[in-house]
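Each chain is listed here by its residues.
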Amino acid sequence: MTLINHLIKSVQAAAKVNATVQTPPAAILWTDKERHWETVAAGLQCRMPGLLTLGAFGGAPRTGPAIWLKCAIAGVLEDIDFAGQTPVIYLPGISRADLRAIETCPRELQPLAELQYRGAFWSQTNGKDWTVNAFLSAKKGGLGLDVAQDHATQEALKRIVESGLLLDRTVEEFQGKQINAAWLDSLLAPNPTRDVLAWLNDPVLTQSQWAGARWSIFSNRCTKDFGFNPQTDGVLTAAEKLAEHQGAWLPVWELYRESFASFKAVAGLLAKLQPPQPMDMFDAPDQLAGYPRANEEAEAALRCTLSACAAMAPEQARAKVLEADHEHGNRRDWLWAKMGSAPLVQGLQHLADLATLSRQVPGGATLAQMAANYQASGWKVDQAAMFALAAVTTKADTDAIGAALRALYLPWLEDSAHRFQELVKAVSGLEHVAAAATASGALDGVCTVFVDGLRYDVAMQLKERLAALGKVTASSAQWTSMPSVTASGKAWASPVAQWVSGKKTDEDFQPSVAADGKPLSTHNFRKLLADHGFQVLDKHESGEPGAPHAKAWAECGDLDHYGHAHGIRLARDMSAQLDQIVERLSELNEAGWMRFRIVTDHGWLLMPGGLPKTELSMFEAQTRWGRCAVLKDSSHGTPLTFGWDWCKEVQIAFAPGISNFTAGEDYTHGGLTLQECLVPVLELAAAGESASTVKADIIKVAWTGLRCKVEVSSAATGLRVDIRTKAALADSTLVAHVKALENGKASLAIDDDASEGMAAFVVVLDAAGHVLQRKSTTVGE
């Protein structure tokens, strides 16, 4: 039972009499000289129909002067109905003694004085008025709770009564503990650490919302626990203590680190502070971690350091990058890095990896050995370069990262390209077997997925993401066609390559259908696939995976087109590009395809600031692309001239090293490098039938603010629930922790307030992380 119910019961008990010798009282008089109960009484009107209050007429409901109260008790007021209860007259500011001395009783109270004889008082057994403290602690007539009697507790008791938060609590919450000031204040303001951040986030609004008891508690706590007075010291003093995060401020800082998105204005406040001087991140990094300016100044210094690499030799630049990482690396643990305000130090981590890995160029006496070395570790250099570019967004930061890459990555690319080209010249082309006949039935049940421009290092990222779908059973690489362009390489990677050929009259490296010599246009390519039993799937089509000897061809991803259109921005947006590929594969898997073979046509080169330019006379080239050109019959050729793989009569000149026939291109392909010519092949076996037979139904999704309660019906055990923006992608989760189902239920909290209103999916996962069921929702709806 709540305290308020005990109070009502106690007040109404004052009307109980021995009916054999007494008449029921005309009214219960509730005197309250010190107005302890005034806030409580105002909230009791809806629970006690018999309650009336002495006061000015026309103010609060069921409130009026003494003569009005007398009329109400007499039953002559039509709009007053006591619902069969004995009338209760609450008398704020009036004591029992005021009514007893009739001759000195104020004139305005005299109409009520006679009720002390016809009515009954709600008072203690000793005749004194009930105070809140007395009602809680008295063993006779009260609740018999252990209430501390010090001044601080009595003041805290007044505050919580005024707040209206006390009496709706159950008596059981108060039993078995001492009720003191600290405990009472915790009921009114249970999270002082969060309160400090809320106040720092908007001091004016917070003070107005907490006016009264809660502001008093907050001020007292700040003075006692946090060492500042919010009214006299102000927000900058508090901000300095937060930046230092010592003692009691450490939990405040930790909460801010975890929930900074909920207190957006605090960062701007901290940004006003000057970091302590002298500023030396290497000697005292922790003393500066709370100051945004320290991070900004360090980012500016790092920007200069990286930009200076442009004028350095590779070894000097390598030493400078590693030295910078040693000096600045600790900032990756600072809050500002988590907030996205330290992009350069994030990119520096990958530059340091590149500096270490690029000491060795992929070697080998043969193309096969060089390819094996690249697959072992060389691709990690390309990945580190991509990750470094992905970390930054502004032009100034991109230029700084670009300067370091041109000093470290460009020479490594040049060295490996020249080694590779020498090996290609030694064997007059790439050592591959194109158009090898596919064994009958080898692709039955397989959906071949073509991704344009899936470079080897990017394929390794994709491989990691595919773990959510199943197991990558094979990861290999093969040589694409020469030149490494889509028109030529797409057919080369397709399962119908053996039915494709080239002739000298083919244009733009587009081969022909071998049977009739027609150009291998999109229409003719799709027809060729269909003629050989492949289901050709358009976007979002899933075909018929259950058909006998079913096999399919699907295309997804936008890597090559995006690279040509946006250049180095491809690195920054690579994650979104890979998400699209995984989403399409998930769609096909959900439709029933269980085996996939992922192929591509070519890789590419990406270099901020553009690839070096090389010259090719217009009199020699019939058709010129960025990294390759078809030579005229009259041309004498170049040191890197080879026949087109689809028709050796067509002679193609390749740009040496990583140079380009056109200037200013950041992204290009078609040449002879490991990055362009060695293409990945991934074979994926999606989740087996055992996972797909597990049934789970989401029967309820209910939001309370940013907390979501989910109910699932399933006979399976070990199931978990997640909330994601993309159902198939684990890294699109919106919650801090995926929750296990307990008795078919789970409660999940959204990690970031900014996610409210976002479209999302509630997903049910099995023990292996496979999605068993999903349901669309809107965060916080």
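Look a little higher up for the structure.
None of the values given here were measured: they were computed from a predicted structure.

A. Region of interest: the sheet that holds strand β25 (residues 759-765). Strand order across the open sheet formed by four strands is β23-β22-β25-β26, with antiparallel pairing between neighbours. Two strands close off the open sheet at either side, each with one partner strand: β23 (739-740) and β26 (771-778). Sheet topology note: the β25/β26 ladder contains seven bridges and is antiparallel. Along β26, the bridge assignment pairs Phe 761 with Ser 776.

B. Seen up close, the packing of aromatic side chains. One pass over the full model with this rule turns up 29 aromatic pairs. Ring centres of Phe 174 and Trp 183 lie 5.2 Å apart, and the angle between their planes is 75 degrees; this geometry places the pair in the edge-to-face category. Judged on exposure class, the residue Phe 174 and its partner Trp 183 are both buried. Relative to Trp 644, the ring of Phe 509 lies with its centre 6.4 Å away and its plane at 65 degrees, an arrangement referred to as edge-to-face. Within this pair, whereas Phe 509 is found in the loop between β8 (500-501) and β9 (512-513), its partner Trp 644 is found in strand β16 (residues 641-644), the two being separated by 135 residues in sequence.

C. Layout of the packing of helix α21 (residues 367-390) against helix α22 (residues 395-426). Interhelical geometry of α21 versus α22 gives an angle of 165 degrees and a closest axis separation of 12 Å. Considered as vectors, α21 and α22 are oriented roughly antiparallel to each other. Between α21 and α22 lies a crossing of left-handed hand. Between α21 and α22, the residues in contact are Leu 367, Met 370, Gly 378, Val 381, Asp 382, Ala 385, Ala 388 and Leu 389 and Ile 401, Leu 405, Tyr 409, Trp 412, Leu 413, Ser 416, Arg 419, Phe 420, Leu 423 and Val 424, respectively. Residues belonging to the contact of α21 with α22 are distributed by class as follows: 14 nonpolar, two polar and two charged.

D. Focus on the nonpolar core. One finds Leu 306, Phe 420 and Leu 466 to be the most contacted residues of the largest nonpolar core, which totals 122 residues. With 14 residues, α22 is the largest single contributor of residues to this core. Contacts of Phe 420, omitting those with residues within four sequence positions, involve Leu 367, Met 370, Leu 430, Trp 479, Leu 672, Thr 673, Leu 674 and Cys 677. Judged by nonpolar contacts, the second largest core, of 40 residues, contains Val 40, Met 48, Val 132 and Leu 167.

E. Inspection of helix α17 (residues 292-308) at higher detail. Its 17 residues place the ends of α17 24 Å apart at the C-alpha level, agreeing with the 24 Å of an ideal helix rising 1.5 Å per residue. Three or more residues of α17 are buried, namely Pro 292, Ala 294, Asn 295, Ala 298, Glu 299, Leu 302 and Leu 306. For α17, the arc enclosing every buried residue in end-on projection is 145 degrees, short of the 170-degree limit, so these residues lie on one face.

F. Local environment of the pairing of strand β22 (residues 720-724). Across the five residues that make up β22, a large majority, four, are buried. In this sheet, β23 lies alongside β22 in antiparallel orientation, the contact comprising two bridges. Looking at the pairing, Arg 720 lines up with Ala 740 of β23. Note: β22 against β25, five bridges, orientation antiparallel.

Thresholds, definitions, all that
Residues numbered from 1 in each chain as written. Predicted model: local features only at pLDDT ≥ 70, side-chain atom pairs only at ≥ 80, totals over all residues. Heavy atoms only, no water. Pairing = 2+ DSSP bridges. Helix = DSSP H or I, 4+ residues; strand = E, 2+ residues; numbered from the N terminus. Phe/Tyr/Trp six-rings, centres within 6.5 Å; stacked < 30°, edge-to-face > 60°. Buried < 20%, exposed > 50% of the residue type's maximum accessible area, 1.4 Å probe, protein only. Axes fitted to C-alpha atoms, helices over the stretch in contact; angles between N-to-C directions. Parallel < 35°, antiparallel > 145°, perpendicular 65-115°, else oblique. Left-handed = near helix turned anticlockwise from the far one by under 90°. Contact = heavy atoms within 4.5 Å. Nonpolar A, V, L, I, M, F, W, Y, C, P; charged D, E, K, R; others polar. Core = buried A, V, L, I, M, F, W, Y, C linked by side-chain atoms within 4.5 Å. Expected span 1.5 Å × (residues − 1). Arc of directions from axis to C-beta.

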